[in-house]
Amino acid sequence: AQSVTQLGSHVSVSEGALVLLRCNYSSSVPPYLFWYVQYPNQGLQLLLKYTSAATLVKGINGFEAEFKKSETSFHLTKPSAHMSDAAEYFCAVSAPGAGNMLTFGGGTRLMVKP
Amino acid sequence: ETGVTQTPRHLVMGMTNKKSLKCEQHLGHNAMYWYKQSAKKPLELMFVYNFKEQTENNSVPSRFSPECPNSSHLFLHLHTLQPEDSALYLCASSPPQGTSSYEQYFGPGTRLTVT
């Protein structure tokens, strides 16, 4: 079985500051990992994914995430926050061979202050 | 239309009504999902269909009844709902197992309010 923990249900940063959203996972096999973003009253949009290739993954809107096996982490970062980044972010894990099921974290709401 | 579409986007219904939510995917996928997203609660997987066959029912009450007539369409039939069923209902689809890394593509959701 796999699980995902997102530390911090709310994160607030100033515009132009570094964004760091934390995600830790547990999985009995090497996982696939995903970050999704959800804007108000919309569905989830895939930001980026890790599928056992490069450990540093670049996604859309300037976001990237690094897979660290030793720390069982997949934290999401962006060097400089924009007001338009304000949204809810979800980390998810899938175990290869366990079907096409995703396990989601509880989400982190990112607020960007002007 | 591209991606995953859901209709209606907003729905208000009384507890004695019967309504249906519709989802359509234009991505050539073979797996489809229903999720429930309530305020201050994690995303809850409700049902999974693979190649039109239901492969997962996450202990969902029988007042929610899914239907998957083909790999592109998914319905959620609703009857005698409770106020606590008010939520955003999200549909998603994904490619078949073994063909990708299992990412799911989501529709915009239906905001359901039960009065």
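Residues numbered from 1 in each chain as written. Chains lettered and ligands numbered in written order. Predicted model: local features only at pLDDT ≥ 70, side-chain atom pairs only at ≥ 80, totals over all residues. Heavy atoms only, no water.

### Overview of the overall build of chain A
Piece 1. A count of helical and extended segments in chain A gives zero helices and twelve strands.
Piece 2. Secondary structure elements in chain A, listed N-terminal to C-terminal, are β-β-β-β-β-β-β-β-β-β-β-β.
Piece 3. Relative to a compact globule of 114 residues, whose C-alpha radius of gyration would be 13 Å, chain A shows 14 Å and is just as compact.
Piece 4. When the backbone C-alpha atoms are referred to their principal axes, chain A occupies close to 45 × 30 × 20 Å.
Piece 5. The burial tally for chain A puts 46% of its 114 residues in the buried class.
Piece 6. Across chain A, contacts joining residues at least 24 apart in sequence account for 57% of those joining residues at least 6 apart.
Piece 7. Element-wise, carbon and sulfur atoms account for 54% of the exposed surface of chain A, whose accessible area totals about 5200 Å².
Piece 8. With 8 positive and 6 negative side-chain charges, chain A shows a spacing of 3 Å between the two charge centroids. (Helix = DSSP H or I, 4+ residues; strand = E, 2+ residues; numbered from the N terminus. Rg over C-alpha atoms; globule rule 2.2 N^0.38 Å. Buried < 20%, exposed > 50% of the residue type's maximum accessible area, 1.4 Å probe, protein only. Contact = heavy atoms within 4.5 Å. Areas by Shrake-Rupley, 256 points an atom, 1.4 Å probe, with all protein chains shown as cover. Lys, Arg positive; Asp, Glu negative; His and termini not counted. Charge placed at Lys NZ, Arg CZ, Asp CG, Glu CD.)

### Examining the overall build of chain B
Piece 1. A count of helical and extended segments in chain B gives zero helices and eleven strands.
Piece 2. The helix and strand sequence of chain B, counted from the amino end, reads β-β-β-β-β-β-β-β-β-β-β.
Piece 3. On C-alpha atoms alone, chain B measures out to a radius of gyration of 14 Å, which is about the 13 Å that the 2.2 N^0.38 rule sets for 115 residues.
Piece 4. For chain B, the spread of C-alpha atoms along the principal axes amounts to about 40 × 30 × 30 Å.
Piece 5. Burial analysis of chain B (115 residues in total) assigns 50% to the buried set.
Piece 6. Across chain B, the fraction of contacts at a sequence separation of at least 24, relative to all contacts at a separation of at least 6, is 53%.
Piece 7. Of the roughly 5400 Å² that chain B leaves accessible, carbon and sulfur atoms contribute 49%.
Piece 8. In chain B, which carries 10 positive and 9 negative side-chain charges, the distance between the mean positions of the two groups comes to 8 Å.

### Focus on the interface of chain A and chain B
Piece 1. Counting from both sides, the interface comprises 21 residues of chain A and, opposite them, 24 residues of chain B.
Piece 2. Of the roughly 1700 Å² buried between chain A and chain B on both sides combined, carbon and sulfur atoms contribute 56%.
Piece 3. For chain A, the biggest contributors to the area lost against chain B are Asn-41, Asn-100 and Met-101 of chain A; these three give 34% of the whole.
Piece 4. For the interface between chain A and chain B, the tally reads one salt bridge.
Piece 5. A salt bridge links Lys-49 of chain A to Glu-103 of chain B; the shortest N-O distance between them is 2.6 Å.
Piece 6. Our count for the contact surface shared by chain A and chain B stands at five residue pairs in polar contact (both at pLDDT 80 or more).
Piece 7. Of all the elements in the fold, those that place two or more residues in the side of chain A that touches chain B are strand 5 (32-38), strand 6 (44-50) and strand 10 (87-94) of chain A.
Piece 8. Among the elements that take part in the side of chain A that touches chain B, strand 5 of chain A stands out by supplying four residues, more than any other. (Buried area = accessible area lost by both parts, 1.4 Å probe. Salt bridge = Lys/Arg side-chain N within 4 Å of Asp/Glu carboxyl O. Polar contact = N/O pair within 3.5 Å; in protein donor to acceptor, adjacent residues only side chain to side chain.)

### Looking at the state of the cysteines
Piece 1. Following the criterion strictly, the structure yields two disulfides over all chains and no others.
Piece 2. The partner cysteine of Cys-23 of chain A in its disulfide is Cys-91 of chain A, sulfur to sulfur 1.9 Å. Residues Cys-23 of chain A and Cys-91 of chain A share a disulfide whose torsion about the S-S bond is about -65°; that sign makes it left-handed. Within this pair, whereas Cys-23 of chain A is found in the loop between strand 3 (19-21) and strand 4 (24-26), its partner Cys-91 of chain A is found in strand 10, the two being separated by 68 residues in sequence. A single burial state applies to Cys-23 of chain A and to Cys-91 of chain A, both of which are buried.
Piece 3. Across a sulfur-sulfur distance of 1.9 Å, Cys-23 of chain B and Cys-91 of chain B are joined as a disulfide pair. (Disulfide = S-S within 2.5 Å.)

### Some remarks on the confidence of the model for chain A
Piece 1. Taken residue by residue, chain A gives an average pLDDT of 92. The fraction at 70 or more is 96%.
Piece 2. The least confident element of chain A, judged by mean pLDDT, is strand 11 (residues 103-104) of chain A at 91; the most confident is strand 3 of chain A at 98. (pLDDT = per-residue confidence, 0-100.)

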